[in-house]
Amino acid sequence: DAGVTQSPTHLIKTRGQQVTLRCSPISGHKSVSWYQQVLGQGPQFIFQYYEKEERGRGNFPDRFSARQFPNYSSELNVNALLLGDSALYLCASSLSSATGNTIYFGEGSWLTVV
Amino acid sequence: GQSLEQPSEVTAVEGAIVQINCTYQTSGFYGLSWYQQHDGGAPTFLSYNALDGLEETGRFSSFLSRSDSYGYLLLQELQMKDSASYFCAVRNSGGYQKVTFGTGTKLQVIP
């Protein structure tokens, strides 16, 4: 079975531009979360979506937005990119929104802002 | 808020045993998880302790003491491929699914 898949794997953007990252969860999983991981640190929670609704949001500015589609895939959008947005963006999926469910990460999208 | 502290680096010899500690402060607690992350890779789930005690999964074991707000990951029969970063993590109690990760411990296994 396929795991969590993300695209693109690597991309370079210029400061001020916008970026869209995509995620397909594990088959049967209905919850998708997004995390940002800056080099040398642990992942930081950005969003959780379940059944196409935002269930939780971390301490990130409004430049960050996301959505979930009927097939449970998800997109993360970041507007007005800053140099500090350079990071690994991880998507994670789980069966449901229950706190006890294990989350499984994709390989991530490496974003470099120049 | 939630915070988790881990040693930043640990070095151990191939074949040996190593313990990675984690102390946490949380406003609500729904168990302690451990993740492994190789350089350039995704975090991979290793173990989860909801209750006090030891959980064993092959060469890896994880321990939790809720009264001490403390846990550890024990890696036995270390292999070179175990060189990676290890993160402890707690699950959110706010009605949605958020995982807060620790500062991470970089394990280097040497011959």
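Structure's up top.
These lines cover the structure that appears in this document, whether it is placed above or below. In this text, all values refer to a predicted model and were calculated from it rather than measured experimentally.

A few words now on the pairing of strand 11 (residues 105-110) of chain B. Residues and elements named next belong to chain B. Residue alternation in strand 11 divides its side chains into a buried set, T105, L107 and V109, and an unburied set, K106, Q108 and I110. As paired elements, strand 2 (residues 9-13) and strand 11 share 5 bridges and run parallel to each other. By the bridge assignment, A12 is partnered in strand 11 with V109. Strand direction decides the pairing type here: strand 9 (residues 84-91) and strand 11, joined by 3 bridges, are antiparallel. Across the sheet, Y86 pairs through a bridge with T105, a residue of strand 11.

Now for the packing of aromatic side chains. The way to describe two aromatic rings as a pair is by their centre distance and the angle between their planes. Counting across every chain of the model gives 12 aromatic pairs over all chains. Relative to F101 of chain B, the ring of F87 of chain B has its centre 6.2 Å away and its plane inclined at 90°; by these criteria the two rings are edge-to-face. In this pair, F87 of chain B is assigned in strand 9 and F101 of chain B in strand 10 (residues 99-101), connecting sequence segments 14 residues apart. Across this residue pair, the class does not change: F87 of chain B and F101 of chain B are buried. Three or more aromatic residues link up through ring pairs in this structure, and these residues are Y35, F45 and F105 of chain A together with Y35, F45, F87 and F101 of chain B. Geometry around Y48 of chain B places R91 of chain B over its ring, the cationic atom sitting 3.8 Å from the centre.

A word on the interface of chain A and chain B. On the chain B side, the residues contacting the 28 residues of chain A number 18 residues. Summed over both partners, the interface of chain A with chain B buries about 1,700 Å², with 54% contributed by carbon and sulfur atoms. Between chain A and chain B we count 0 salt bridges in total. Our enumeration of links across chain A and chain B arrives at 3 residue pairs in polar contact (both at pLDDT 80 or more). For the side of chain A that touches chain B, the secondary-structure elements that each account for two or more residues are strand 4 (31-37), strand 5 (44-50), strand 6 (53-57) and strand 9 (87-94) of chain A.

Thresholds applied
Residues numbered from 1 in each chain as written. Chains lettered and ligands numbered in written order. Predicted model: local features only at pLDDT ≥ 70, side-chain atom pairs only at ≥ 80, totals over all residues. Heavy atoms only, no water. Buried < 20%, exposed > 50% of the residue type's maximum accessible area, 1.4 Å probe, protein only. Helix = DSSP H or I, 4+ residues; strand = E, 2+ residues; numbered from the N terminus. Pairing = 2+ DSSP bridges. Phe/Tyr/Trp six-rings, centres within 6.5 Å; stacked < 30°, edge-to-face > 60°. Lys NZ or Arg CZ within 6 Å of the ring centre and 35° of its normal. Contact = heavy atoms within 4.5 Å. Buried area = accessible area lost by both parts, 1.4 Å probe. Salt bridge = Lys/Arg side-chain N within 4 Å of Asp/Glu carboxyl O. Polar contact = N/O pair within 3.5 Å; in protein donor to acceptor, adjacent residues only side chain to side chain.

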